[in-house]
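Analysis of the macromolecular model
Below are the chains, spelled out letter by letter.
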Amino acid sequence: MLRFIHNHKLVTNYQIKKVFYRDNKGIKNCNRRLRMLYHEMYCIDRYFPPVDTGSSKQHLMLDKAGAKAIGISPFYKLNKPVLRHEHHRLVTEFNIRGWEKGLGWAKLEHKIADQVADLYYPRKKMAVEIDTGSESRKTLKGKIKGYNRTTDLNYLIFVTTGGQSRIDLWEDKIRSDIKFAGCQFKDVDELLNIIK
């Protein structure tokens, strides 16, 4: 569980439940374990991202004791609340959904030639780029150029919480020999059903 939190940088308790407590109907046992890791063992830290209205979801990240427990360097830097917390949450969510659909676990932040993919499935040679709609078009075009330079890529998936114009930008600019699919994050399950 600690390694999962470390690899994904920032996760929610519901994501932990999906992976480690799949057979439990409720989230009580998961929350009990997380409380123990936080209050008694000091292995994880909690972060509540700012929201405009209502209450914020609890996000979890690894703490120094957790890093030591899984054998990471004693010089491990404490995670600071991630500026791109929504991006990391969506990357984790896509990875979990892909695993649930039978794709297996993706490599996180995997470098392919000059480009770093949010997720990479080596068996399918498939990269996944998650977009929260906050990056500029110039940044997106730079990423597209990076993917177009790669030779070891069969599929590219672009998932966004932004508008259709962001998907269209990728679809128009990506190399024709790379099979491309793009969708809104709310439609990820439909896309994963097609891919698997």
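The structure under discussion appears in the preceding block.
I will try to describe carefully the structure that is included in this document. (Residues numbered from 1 in each chain as written. Predicted model: local features only at pLDDT ≥ 70, side-chain atom pairs only at ≥ 80, totals over all residues. Heavy atoms only, no water.)

With respect to burial, strand S6 (residues 126–131) is a largely interior element, six of its six residues being buried. Burial along S6 is two-sided: the face carrying Met126, Val128 and Ile130 and the face carrying Ala127, Glu129 and Asp131 are both buried. Hairpin connection of strand S5 (residues 115–121) to S6: four residues between the antiparallel strands, including lysine 125 at a positive phi of 55 degrees. Two elements, S6 and strand S7 (residues 155–160), share six bridges in a ladder whose sense is parallel. Pairing of glutamate 129 across the sheet is with phenylalanine 158, part of S7. (Buried < 20%, exposed > 50% of the residue type's maximum accessible area, 1.4 Å probe, protein only. Helix = DSSP H or I, 4+ residues; strand = E, 2+ residues; numbered from the N terminus. Pairing = 2+ DSSP bridges.)

Our next topic: the pairing of S5. Here S5 lies mainly inside the structure; six of its seven residues are buried. The pairing of strand S4 (residues 107–112) with S5 spans five bridges and is classified as antiparallel. Bridging across to S5, leucine 108 finds its partner in leucine 119. Once S4 ends, the chain turns through two residues before running back antiparallel as S5, passing alanine 113 with a positive phi of about 55 degrees. The pairing of S5 with S6 spans three bridges and is antiparallel. What sits directly across from tyrosine 120, in S6, is alanine 127.

Attention now moves to the packing of aromatic side chains. The description of an aromatic ring pair rests on the distance of the ring centres and on the angle between the ring planes. Scanning the entire structure with this criterion turns up five aromatic pairs. For the ring pair phenylalanine 4 and phenylalanine 20, a centre distance of 5.6 Å and an interplane angle of 85 degrees mean the geometry is edge-to-face. Here the residue phenylalanine 4 occupies a position in helix H1 (residues 2–8), and phenylalanine 20 occupies one in helix H2 (residues 13–20), the gap between them amounting to 16 residues. The interplanar angle of 55 degrees and the centroid separation of 5.9 Å between the aromatic rings of tyrosine 147 and tryptophan 170 together place this pair among those described as tilted. Taken as a pair, tyrosine 147 in helix H6 (residues 137–148) and tryptophan 170 in helix H7 (residues 164–173) lie far apart in primary sequence, 23 residues in all. Of the two residues, tyrosine 147 and tryptophan 170, both sit in the buried class. Linked through ring pairs, Phe4, Phe20, Trp99 and Trp105 together constitute an aromatic cluster. The aromatic ring of tyrosine 38 is capped on one face by arginine 46, whose charged end is 4.0 Å from the ring centroid. (Phe/Tyr/Trp six-rings, centres within 6.5 Å; stacked < 30°, edge-to-face > 60°. Lys NZ or Arg CZ within 6 Å of the ring centre and 35° of its normal.)

Let us look at the sheet that holds strand S3 (residues 59–62). With respect to topology, three strands assemble into an open sheet ordered S1-S3-S2, the strand pairing being antiparallel. If you trace the sheet from one side to the other, it starts and ends with strand S1 (11–12) and strand S2 (44–47), each paired once. Pairing geometry for S2 and S3, over four bridges, is antiparallel. When the sheet's bridge partners are listed, isoleucine 44 is paired in S3 with leucine 62.

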